[in-house]
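Overview (structure and organization)
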Amino acid sequence: MTAPLLSSKAGTLRALEPHVTRARILPQASFTVAQWRADTDAAIALVETTLGCDGPLIVRSSARNEDGPAVSMAGAFASILDVRGAAAVRDATREVIASYGPDPDDDDAVLIQPMLQDVAFSGVAFTHDPTTGAPYRVLSLQRGSDTTAVTAGTDAGETFVVAAGRREAPEDLLPILDLLEELERLIPDQPLDIEFAVCGDEGAPHLYLLQARPLVLSITNAAMPRDDHAKILDKIATRIADGQRAHPYLRGRSTVYGVMPDWNPAEIIGTRPRPLALSLYRDLLTDRTWAYQRHNYGYRNLRSFPLLQSFAGQPYVDVRLSFNSFIPGDLDEGIADRLVDHYIDRLVQAPRLHDKIEFEIVFSCYTLDLPERIKVLEQAGFSGRERKALQRSLRTLTNRVIEQKRGLWRLDAQKIDILGQRHDTVAASDLTPLERIYWLLEDCKRYGTLPFAGLARAGFIAVQMLRSLVATGVFSQADYDGFMRSVDTVSGQFSRDLVRLDRSSFLSRYGHLRPGTYDIRSPRYDERPDLYLGDRDRGIGPEHGGDFGLSLAQMRALRSLLARHKLSVDVVELMEFLHAGIEMREYAKFVFSRNLSDAMAIFADWGKSLGFSAEDLSYANIGVVTELNACTDDPSEVIGHSIEQGRRRYAETLRVWLPPVITDPRQVYGFQVSESEPNFVTQREVTGPVVQLRPGETRTTGLEGAIVFIPSADPGYDWLFSHAIGGLVTAFGGANSHMAIRAGELQLPAVIGAGEVIFERWAKAQRLHIDCAGRRIERIS
């Protein structure tokens, strides 16, 4: 094959037809705009002779500026379906040519083919991940006869990711993988983007290649050699298989891994955090602090077990560890063993619950409706005696937390106050920058994240107890909502102070905050106030929700329930705990984040004096601070070496795509993308105001620099790209949708297919920060 196989849409299909054996290519009639204008009747006659005009036919674009190596123009021009008769062919051709614009090129062409019948499913497939260039087969498909649904992004459809050379995919998708392998052999060293359709019944399906074109990758994300990629995946799969074996110090026969259970790294640092952020999160919370706190609060002793596993730099919670840590320490070993297995089985059966394990799977505290909720364990084979034993243990544990005078949450609240005092001491000292970083972080662990972990547990117990008040009929939903409005959290104070305080006073209190709490590249509020606060005028802010009071009937009912359930507080003490538990969790994070933020700011300034930017330092491991604080090595060399290692490892992090819940090592090589898992496009970041466009709405003002929310990844929103928008978020659409392709070409930070629930939640924000590389979205205001 000496002639190039890739050219125009029509030319590529014509060139591939003699060589492709893994799929069928439909016959075609094509002609240029010049030929159409010179002799329209001859063009129609060509269609009649080649295909017949009775149809049904599809009239497609084949413009010169489509399907190129630098830009695909995916979905930019018209395709007319179900065309029947010569007159309809004539009209459809005119419509396609009109879509090229007022002055089409004479060599632009029109492609006409038979329209497929009995389509079982159709879609788009890439030979590489378009965002990172990693050798993943990315298949987005739609069941049914609509062959445009995937590229239009009007429906979530199904998306599968399979590593090159692997076959961990449903049986009916294996022919598509074979086709991609064949096309790579025919067109080597060129990432490809194809459209396909499968017709016929399950007994005799036929695969059709509808289009093949270059897959546009950014220069920085050149395709990664598949052998190098395979070695990375093999290491991860081996580590998961090893981790799923029985462990003598753990209950439960196996484990699964997830990015959102328990301490939820996906939300806090993202699924692809920079090395500094990951090492900070592990050092401050998930290596030791998490287990120390759980044990203090009466749960099993998991000290020395790190909660997070790093799979090529992507943080995953070992869920067996998490479930073990929610078992009361005094519970019988046999019951504990079976409970952990039951919890894991529940998560495997319903992985969508991975961000709700404490509400939907685990029993981790006593509540007023626990005797009713715990009955579900009967179906799992737990006897009445075993269920009562669990209830007793949870009651004892919960009483230790909520007890009025000596409740564990009170001790943790006192430690938070100590942290503020020690922070000021360090700030006023003559310590070197290195020493200040070291002690800010050490104090943060002992007096910040450790009590924060305890107060976070108290906050969860408080919310669970509140929910049980609704379940038992003491509260209505309106009462629940009224109580939550009465809680005075840092977030509420922030909103009020934002408009009530002058900028200097506001920044004095909140200036240490940054959208990415663990990201050194994320500017603090006091470093970039205009970016975060804009030109807000002082005025009347949102009022506090007011006090909440119980009726006499509610007090009597609650007093009776507390006595019956043998909880160690009275009504007033319980209400105090409910308020404090929720408020103190946020306050503790607010306080400890000052130590963390200041430590990162000092690290950035010190690093700058050594010749390193914040971008450089984001690749370092925070362990260099501890190392340098106890040696005489050259800081530039130690930090530089850590940065070099971090850059190399992070390049691998970006090119690994894993599911949010891993239940089997084989999922490292292939999996179906969860409907609730958004597609992050590009490796870029953006902070900007939110603008939501309703279906059919267009506007020309207020778009510059904005993060625009639209319902679907439909080509009809292409006009947005003529405005200098900062980012894009869609409710629906897959990794192969039109908007995903266009955003990738333009290197526009985008989140495609966020799902309706997440989409609506984010759309209510005023300003957002999107970190596509870290696969993270932060609400600024």
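Conventions adopted
- Residues numbered from 1 in each chain as written.
- Predicted model: local features only at pLDDT ≥ 70, side-chain atom pairs only at ≥ 80, totals over all residues.
- Heavy atoms only, no water.
- Helix = DSSP H or I, 4+ residues; strand = E, 2+ residues; numbered from the N terminus.
- Rg over C-alpha atoms; globule rule 2.2 N^0.38 Å.
- Buried < 20%, exposed > 50% of the residue type's maximum accessible area, 1.4 Å probe, protein only.
- Contact = heavy atoms within 4.5 Å.
- Areas by Shrake-Rupley, 256 points an atom, 1.4 Å probe, with all protein chains shown as cover.
- Lys, Arg positive; Asp, Glu negative; His and termini not counted.
- Charge placed at Lys NZ, Arg CZ, Asp CG, Glu CD.
- Pairing = 2+ DSSP bridges.
- Axes fitted to C-alpha atoms, helices over the stretch in contact; angles between N-to-C directions.
- Patch = residues over 30% accessible without salt bridge, like charges linked within 9 Å, V, L, I, M, F, W, Y side chains within 5 Å.
- Salt bridge = Lys/Arg side-chain N within 4 Å of Asp/Glu carboxyl O.
- Phe/Tyr/Trp six-rings, centres within 6.5 Å; stacked < 30°, edge-to-face > 60°.
- Lys NZ or Arg CZ within 6 Å of the ring centre and 35° of its normal.
- Left-handed = near helix turned anticlockwise from the far one by under 90°.
- Nonpolar A, V, L, I, M, F, W, Y, C, P; charged D, E, K, R; others polar.
- Core = buried A, V, L, I, M, F, W, Y, C linked by side-chain atoms within 4.5 Å.
- Parallel < 35°, antiparallel > 145°, perpendicular 65-115°, else oblique.
- Expected span 1.5 Å × (residues − 1).
- Arc of directions from axis to C-beta.
- Polar contact = N/O pair within 3.5 Å; in protein donor to acceptor, adjacent residues only side chain to side chain.

**As for the overall build of the protein chain**
Per the secondary structure count, the protein chain includes 29 helices and 21 strands. Taking 2.2 N^0.38 as the reference for a compact globule, 781 residues should give roughly 28 Å; the C-alpha atoms of the protein chain span a radius of gyration of 30 Å, in line with that estimate. On the principal axes, the C-alpha backbone points of the protein chain span a range of 95 × 65 × 55 Å. Out of the 781 residues in the protein chain, the part that is buried amounts to 57%. A separation threshold of at least 6 residues defines the contact pool for the protein chain, and within that pool the share at least 24 residues apart is 68%. When the accessible surface of the protein chain is totalled, it reaches about 32,500 Å², and 49% of it is carbon and sulfur. When the 87 positive and 103 negative side-chain charges of the protein chain are each reduced to one mean point, those points stand 7 Å apart.

**Concerning the sheet that holds strand β4 (residues 109-114)**
Taken together, 4 strands build an open sheet; the order of strands is β1-β4-β2-β3 and the sheet is antiparallel. Looking at the sheet topology across the chains shown, the edges are occupied by β1 (29-32) and β3 (80-83). Direction aside, the axes of adjacent strands within the sheet are offset by 20° on average. Bridge count between strand β2 (residues 57-62) and β3: 2 bridges; the pairing is antiparallel.

**What about a negative patch on the surface?**
There is a patch of like negative charges on the surface, built from E627, D633, D634 and E637. Along the chain, the position of D633 falls in the loop between α26 (623-628) and α27 (635-654).

**Quick notes on the packing of aromatic side chains**
All told, the structure shown has 24 aromatic pairs when counted by the stated rule. Relative to F506, the ring of F494 lies with its centre 5.2 Å away and its plane at 65°, an arrangement referred to as edge-to-face. You can see F494 sitting in helix α20 (residues 490-500) and its partner F506 sitting in helix α21 (residues 503-510), a full 12 residues away along the chain. The exposure classification of F494 matches that of F506, with both residues buried. Members of the aromatic cluster, connected to one another through ring pairs, are F494, F506, Y510, Y525 and F590. Directly above the aromatic system of F121 lies the positively charged group of R143, at a separation of 4.7 Å from the ring centroid. The lysine or arginine in question, R467, covers the ring of F359, its NZ or CZ lying 4.0 Å from the ring centre.

**Notes on the packing of helix α3 (residues 40-50) against helix α4 (residues 86-98)**
At a minimum axis distance of 10 Å, the contact between α3 and α4 shows a crossing angle of 120°. Like other packed secondary-structure pairs, α3 and α4 cross with a definite hand, here right-handed. Two secondary-structure elements touch here, α3 through T40, D41, I44 and V47 and α4 through A86, V89 and R90. Split into classes, the residues belonging to the contact of α3 with α4 amount to 4 nonpolar, 1 polar and 2 charged.

**Overview of the nonpolar core**
With 131 residues, the main nonpolar core has Y518 and L578 as its most contacted residues. The biggest single contributor to this core is helix α18 (residues 433-471), with 19 residues.

**So, helix α9 (residues 275-286)**
Helical geometry: 3.6 residues make up each α-helical turn, so side chains three or four residues apart lie on a common side. Among the 12 residues in α9, 11 count as buried, and that is most of the element. All buried positions along α9 are accounted for by P275, L276, A277, L278, S279, L280, Y281, D283, L284, L285 and T286.

**Side note on the pattern of salt bridges**
One pass over the structure, following the stated rule, counts 45 salt bridges. Between R137 and E181 there is a salt bridge; the shortest N-O distance is 3.0 Å. Within this pair, whereas R137 is found in strand β6 (residues 136-143), its partner E181 is found in helix α6 (residues 174-186), the two being separated by 44 residues in sequence. Looking at R137, the relative accessible area reads 2%, which means it is buried.

**Side note on the sheet that holds strand β13 (residues 661-662)**
Across the sheet, 4 strands lie side by side as β11-β12-β10-β13; this open sheet has antiparallel pairing. Each edge of the open sheet is held by one strand with a lone partner, namely β11 (308-311) and β13. Two strands pair when backbone bridges link them, and strand β10 (residues 257-258) and strand β12 (residues 314-318) are joined in this way by 2 bridges, in the antiparallel orientation. Following the sheet pairing, G258 is matched in β12 by V317. Here α9 sits on the sheet in contact with β11 and β12, set at roughly 165° to β11.

**Thoughts on the packing of helix α10 (residues 289-296) against α18**
Their axes nearest at 9 Å, the elements α10 and α18 cross at an angle of 55°. With respect to each other, α10 and α18 are oriented oblique. For the pair α10 and α18, the crossing hand works out as right-handed. Residue-level contacts link T289, Y292, Q293 and R294 of α10 to T449, L450, A453, G454 and R457 of α18. A breakdown of the residues in the contact of α10 with α18 according to their chemical character gives 3 nonpolar, 4 polar and 2 charged.

**Overview of unusual backbone geometry**
With an omega of 5°, the peptide bond between G55 and P56 qualifies as cis. Inspection of the secondary structure puts P56 in the loop between α3 and β2. Despite not being glycine, D262 has its phi angle at roughly 60°, a positive value. By the secondary structure assignment, D262 is in the loop between β10 and α8 (265-268). Unlike most non-glycine residues, S304 shows phi in positive territory, near 85°. On the secondary structure map, S304 appears in the loop between α10 and β11.

**Re the pairing of strand β20 (residues 767-771)**
Counting buried residues in β20 gives 5 out of 5 residues, a clear majority hidden from the surface. Residues R767, H769 and D771 of β20 are buried on one face, and the alternating residues L768 and I770, pointing to the opposite face, are buried as well. Where strand β16 (residues 685-692) meets β20, 5 bridges bridge the pair, whose relative direction is antiparallel. Its bridge partner being in β20, P689 is matched across the sheet by R767. The pairing of β20 with strand β21 (residues 776-779) spans 4 bridges and is classified as antiparallel. The residue of β21 that forms the bridge with L768 is R779. Counting the residues in the hairpin turn of β20 and β21 gives 4 residues, including R775, whose phi is positive at 55°.

**A look at α4**
In this model, α4 (13 residues) spans 18 Å end to end at C-alpha, consistent with the 18 Å of a helix rising 1.5 Å per residue. Buried within α4 we find V89, A92, T93, V96 and I97. Along α4, the residues classed as buried sweep out an arc of 135° about the axis, all on the same side. Facing away from the buried side of α4 by more than 90 degrees, the exposed set consists of A87 and A98.

**Some thoughts on the side chain of S62**
Note on placement: S62 falls in strand β2. Take S62: its relative accessible area is 1%, and that puts it in the buried class. In terms of polar contacts, S62 uses its side chain to reach the backbone amide nitrogen of K9, at 3.5 Å. Those residues within four positions of S62 in sequence are excluded, and the remaining contacts are S8, K9, A10, Y100, D108, A109 and L111.

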